[in-house]
Amino acid sequence: IPVENFDLIIFGGTGDLARRKILPGLYRRFCAGQMPEKARIIGAARSEMDNDAYRDFVRVAVTEFGGKTASEANVLEEFLQRLHYVPIDARGDGGWADLAKLVRKDVVRAYYFSVGPGLFGDLAARLTKHGLADDTVRIVVEKPFGRDLASAKALNQALAEHFDESQVYRIDHYLGKETVQNLMAVRFGNMLFEPLWNSQYVDHIQITVAETVGVAGRGGYYDKSGAMRDMVQNHLMQLLCLIAMEPPSKFEPDAVRDEKLKVIRALDPVDHHHIVRGQYADGPDGHSYRDDAENLRSFTESFIAMRLNISNWRWAGTPFYLRTGKRLKARSSEITVVFKDAPHSIFGAEEGRHRNMLSIRLQPNEGMTLDVTIKEPGPGGMRLLDVPLDMSFADALGPDAEDVPDAYERLIMDVIRGNQTLFMRGDEVEAAWAWTDPVIAEWEARNDVPKPYEPGSAGPEDAMMLMHRDDRRWREIK
Ligand code: NAD
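Residues numbered from 1 in each chain as written. Predicted model: local features only at pLDDT ≥ 70, side-chain atom pairs only at ≥ 80, totals over all residues. Heavy atoms only, no water.

Undergrad: Tell me about a nonpolar patch on the surface, and name the residues and values.
TA: A contiguous nonpolar patch, built from I346, F347 and M382 and spanning about 310 Å² of accessible area, is present on the exposed surface. Residue class for M382 comes out partly exposed when judged on its relative accessible area of 46%. (Patch = residues over 30% accessible without salt bridge, like charges linked within 9 Å, V, L, I, M, F, W, Y side chains within 5 Å. Areas by Shrake-Rupley, 256 points an atom, 1.4 Å probe, with all protein chains shown as cover. Salt bridge = Lys/Arg side-chain N within 4 Å of Asp/Glu carboxyl O. Buried < 20%, exposed > 50% of the residue type's maximum accessible area, 1.4 Å probe, protein only.)

Printed below as a string of structure tokens:
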């Protein structure tokens, strides 16, 4: 779908996020023919450089992170002509007049704050002061959006002084993933699932986001945050909302976000007996979490598993199990809806338990699997077998799968289109912190020590127990 002409200004345009995600993503959209002829990208950051030097920087970034398309040299050179650069100081007035001269007023203007949250307020104020902002510009901000309710409120307030909520796009790149959006299509586009989507038919729901990487290289930052702040409060909470929310009346930004907000507000406070915190121990490479974090007395969790309840009519009695961690056995993100047993087995107790499960894989191999029970083929009598009906997007889409935009590309294009559906609203973020804060405060007050776990495992044994106690088990991380 074509988008309007735009100037996208990337504050922090020389940073790691711009280099690895934003600029290569824009290049892929350019290759896909989605960038209008006069659209421009303006890098603005602290480093002193000119347009040519910035184009060299972007050429290297795109070549390294642009994927297959990066090999087409002449296309890349054409793309680079769309780039400009202005050295700027977010905390001073240097560079702002130059930026004001460059940015056009008659096109969509989007300002991407790809800088630490400490600069959001400064950037917002200077955009206004230098005549770069009005009520049509769009502001894109990155996580972390606060580290608790108070700081998130302060950030929202700093933005609200200059912009209306309808102008603010808070990115959670999990929401840009193809499968996450497909989750809404599956839930609300089919008759098949929605009637079963409640505590009467669903035994429990699991959400796992497992990473194999540790925190080496960003340990200083991570150690102040931990899995709860870094992953649960935002990404896992967003996934939980999409899986649990009521059908919005329309697929429109506020209709969807109103329903997500209600889920967060219906979350019960979580009891510490239903939380397992972990920290990876020494692996074969001799690096524990504490080594990587350069804090030998750290109590920060690199893993967390928890059991949550949503107190509303639909979900009362159906637990949600969330788990996420670093240095686990595989990189895998998956949501699984486990349906209840059939009320009566006509095949006899010896056939054991067969449960339908719908698994939505976010990575790797985005896709869905529905486990159904069938008769084991062959002459062995009536024996039952669970088989997956598998829909991998790569298989379903064939060669077109390569062209499926990644999360950042899709979200940036949504900003240009002015569609906020896949962005978090300020009140959602605050509600998520309001739920998270007391949980963290409780373990801080108790000086809770995370359980060590072996790198390459599925996390601490206690996380298994969290499920076993309820006569349930986690899906294998693979
Ligand atoms: P970075 O340190 O690599 O880059 C920071 C950028 O900000 C640089 O371009 C720098 O020139 C600019 N900058 C710093 N101070 C400035 C000032 N006073 N005036 C103007 N420009 C200034 O950081 P990053 O990793 O690119 O992260 C940017 C933001 O995105 C952070 O909030 C980070 O938490 C968030 N984020 C990063 C990633 C990632 O993968 N790197 C992922 C998610 C979120």
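Once the structure has been displayed, the description carries forward.
Undergrad: Account for helix α2 (residues 51-65), with residues named and values stated.
TA: With 15 residues, α2 should cover 21 Å at 1.5 Å per step; its first-to-last C-alpha distance of 21 Å lies within 8% of that length. Contacts made by the buried residues of α2 are with α1 (16-31), β2 (40-45), α3 (73-80) and β3 (83-87). Where α2 terminates, the next one or two residues include G67, which has phi positive at roughly 80°. (Helix = DSSP H or I, 4+ residues; strand = E, 2+ residues; numbered from the N terminus. Expected span 1.5 Å × (residues − 1). Contact = heavy atoms within 4.5 Å.)

Undergrad: Before we move on, could you go through the site of the ligand and cite the residues and values that matter?
TA: Inspection of the region around the ligand gives 20 residues, with T14, D16, L17, R20 and A90 positioned closest. Note that an oxygen atom of the ligand is positioned 3.2 Å from one of the backbone N or O atoms of R46. Contacts to the ligand include K143, whose backbone N or O atom sits 3.4 Å from an oxygen atom. When residues in the shell around the ligand are grouped by element, the largest group, 3 residues, is from α1. Looking at side-chain class alone, the shell around the ligand contains 8 nonpolar, 6 polar and 6 charged residues. (Near = heavy atom within 4 Å. Polar contact = N/O pair within 3.5 Å; in protein donor to acceptor, adjacent residues only side chain to side chain. Nonpolar A, V, L, I, M, F, W, Y, C, P; charged D, E, K, R; others polar.)

Undergrad: Account for the sheet that holds strand β5 (residues 138-141), naming residues and giving values.
TA: Across the sheet, 6 strands lie side by side as β3-β2-β1-β4-β5-β6; this open sheet has parallel pairing. In this open sheet, the two edge strands, each paired with only one partner strand, are β3 and β6 (168-170). Looking at each pair of strands side by side, their axes are set apart by 20° on average, direction ignored. Sheet analysis places strand β1 (residues 6-11) next to strand β4 (residues 108-113), joined by 6 bridges and oriented parallel. Counted as the bridge partner of F11 is F113 from β4. Its contacts with the sheet place helix α13 (residues 407-417) against β1, β4, β5 and β6, and it is angled at close to 135° to β4. (Pairing = 2+ DSSP bridges. Axes fitted to C-alpha atoms, helices over the stretch in contact; angles between N-to-C directions.)

Undergrad: Which residues make up the pattern of salt bridges, and what values do they have?
TA: Counted under the stated rule, the structure contains 42 salt bridges. The partner of R40 in a salt bridge is D7, with the nearest N and O atoms 2.9 Å apart. Note that R40 is positioned in strand β2 and D7 in strand β1, a separation of 33 residues in sequence. Across the pair, D7 and R40 agree in class, each one buried.

Undergrad: Lay out the domain arrangement of the chain with the relevant residues and their values.
TA: We note that the domain assignment places domain 1 (6-142) and domain 2 (175-468) within the chain. With centres defined by C-alpha atoms, the gap from domain 1 to domain 2 works out at 33 Å. Here domain 1 and domain 2 share an interface that buries about 1300 Å² over both sides, 65% of which is from carbon and sulfur atoms. Across the pair E409 and R28 runs a salt bridge, and its minimum N-O distance is 2.7 Å. At the junction of domain 1 and domain 2, the tally comes to 6 residue pairs in polar contact (both at pLDDT 80 or more). Elements that contribute at least two residues to the side of domain 1 that touches domain 2 include exactly β1, α1, β4 and β5. The element contributing the most residues to the side of domain 1 that touches domain 2 is α1, with 7 residues. For the side of domain 1 that touches domain 2, the residue count by class is 9 nonpolar, 2 polar and 6 charged. (Domains from an automatic or database assignment. Buried area = accessible area lost by both parts, 1.4 Å probe.)

Undergrad: Please set out the packing of aromatic side chains residue by residue, giving values where relevant.
TA: As enumerated under the stated definition, the model contains 17 aromatic pairs in all. Aromatic side chains W315 and F320 sit 5.3 Å apart centroid to centroid with 85° between the ring planes, which places their arrangement in the edge-to-face category. In this structure, W315 and F320 share a single accessibility class: buried. Members of the aromatic cluster, joined through ring pairs, are F11, W96, Y111, F113, F120 and F145. If you follow R170 out to its NZ or CZ, it ends over the ring of F145, 5.0 Å from the centre. One Lys or Arg, K177, reaches over the ring of Y174 and ends 5.5 Å from the middle of that ring. (Phe/Tyr/Trp six-rings, centres within 6.5 Å; stacked < 30°, edge-to-face > 60°. Lys NZ or Arg CZ within 6 Å of the ring centre and 35° of its normal.)

Undergrad: Residues and numbers for helix α6 (residues 149-160), please.
TA: Between its first and last C-alpha atoms α6 spans 16 Å; for 12 residues at 1.5 Å apiece the expected length is 16 Å, and the two agree. As for α6, its buried residues are in contact with β4, α5 (120-129), β5, β6 and α14 (426-445).

Undergrad: Kindly report on the sheet that holds strand β10 (residues 320-325), identifying the contributing residues and their values.
TA: One open sheet accounts for 9 strands, arranged β14-β13-β12-β11-β7-β10-β9-β8-β15; its pairing is mixed. Each edge of the open sheet is held by one strand with a lone partner, namely β14 (384-392) and β15 (451-453). Geometrically, the sheet is characterised by an average inter-axis angle of 20° between neighbouring strands, direction not taken into account. As judged from the 6 bridges shared by strand β7 (residues 202-210) and β10, these two strands associate in the parallel manner. Each bridged residue has a counterpart across the sheet, and for I207 the counterpart in β10 is L322. The strands that helix α7 (residues 178-189) touches are β11 (332-339), β12 (357-363), β13 (367-375) and β14; relative to β12, the one it contacts most, it runs at about 150°. The sheet contacts of helix α15 (residues 461-468) involve β7, β8 (275-280), β9 (303-308), β10 and β15, and relative to β9 the element is tilted by about 10°.

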